[in-house]
Amino acid sequence: MPDTTISKSPNSDCRILVLGAHPDDAEFFAGGLLHEHKRRGSQIRLVSVTNGQSGHHRDSSDVLVARRRLEASESGRVLGCEYVCWDFPDGSLQPTLQVREAIIREIRSFAPDLVLTHRPWDYHPDHRAVGQAVQDASYMVMVPKIAPGYSVPKQEPVVAYMVDLFTRPVAFRADFVLDASEHLAGILKMLACHRSQFYEWMPWIERIEDMPSEPQAWSDWFKRFFLEKTAARGTRFWDPSWGSLPLLVEAFEVSEYAGKFSAQRQNQLFPACRSNIQGS
Ligand SMILES: [Zn+2]
């Protein structure tokens, strides 16, 4: 498979937008690539399309929305970027015209070179809805009469899907694969900001029984949990010819429905990544 040596040139004119369904999706699925971009000076903006109102067994939705918004902004501060939560309801998202036009306006105002999102195939209906809405927005973002009032971008951004392990109706294709191990600490620091999610809701919904009761033991426990949760990414997408299996792997699939990707932009858009795209 082709491999590409990566230069460490500054990337200050590169703009990265993540459109995730929930507060925490961006860093859970793409935290390593985001840290690589930060290191190179890219401008980053993280968006949770839903408000996170449903993922809790005790807090009311109002309380939860406020908590999750605060947690997301703390996580954004760790990376050094803005992390916003929109108001669409968590757990009930549909790829409506309203969601599509919000995405079009977001892309026009931030003018990203690369948009990261979910595939339209995934276990979570909100993930599928965001993936579908981004796909629906991808051509329309260039049509001035749609969602008027915002100028269309100079060029349509490249859209890439964040890693998933689902195989039906079609399996994820790992166009770019990142050894994200060196960013593990930074990713865990971002994820730890989402206390209501990872230390409260997830242990409850997943019936986790080995979470320690003492908060000072939570970070070690969560590190083990996160690495177990993400281990299959490496076994699925890491080519052994690249070297021994990394601790943490991320992968990205370029959407065929958005801006055209050219191999010359690999170092800019997917820094430090291995490429499976022929000819790159
Ligand atoms: Zn999610």
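Residues numbered from 1 in each chain as written. Predicted model: local features only at pLDDT ≥ 70, side-chain atom pairs only at ≥ 80, totals over all residues.

Take the nonpolar core next. In terms of nonpolar packing, the biggest core is built from 68 residues, with Val18, Leu19, Ile103 and Val177 touching the most fellow members. Sequence-distant contacts of leucine 19, that is, excluding residues within four places in its chain, are made with Val47, Val49, Ile103, Val115, Thr117, Val130 and Val134. (Core = buried A, V, L, I, M, F, W, Y, C linked by C-beta atoms within 7 Å. Buried ≥ 20, exposed ≤ 12 C-beta atoms within 10 Å, placed from the backbone. Contact = placed C-beta atoms within 7 Å.)

On to the environment of threonine 96. For threonine 96, the location among the structural elements is in the loop between strand 3 (82–88) and helix 3 (97–110). Residue threonine 96 is classed as partly exposed on the basis of its 13 C-beta neighbours within 10 Å. For the pair formed by threonine 96 and alanine 129, sequence separation is 33 residues and the distance between their alpha carbons is 8.6 Å. (Helix = DSSP H or I, 4+ residues; strand = E, 2+ residues; numbered from the N terminus.)

A separate point is the pairing of strand 3. One ladder, built from five bridges, connects strand 2 (residues 43–50) with strand 3; its direction is parallel. Counted as the bridge partner of threonine 50 is phenylalanine 88 from strand 3. Between strand 2 and its parallel partner strand 3, the chain crosses via helix 2 (residues 61–79), and the hand of that crossover is right-handed. (Pairing = 2+ DSSP bridges. Right-handed = clockwise from strand over helix to strand, strands pointing away.)

This part covers helix 6 (residues 195–205). All of the buried residues in helix 6 are Ser196, Gln197, Phe198 and Trp201. Seen end-on, helix 6 carries its buried residues on one side only, within an arc spanning 155°. Structurally, helix 6 contributes buried residues whose contacts are with helix 2, helix 5 (184–192) and helix 7 (218–237). Positioned one or two residues after helix 6, arginine 207 has a phi angle of 50°, which is positive. (Arc of directions from axis to C-beta.)

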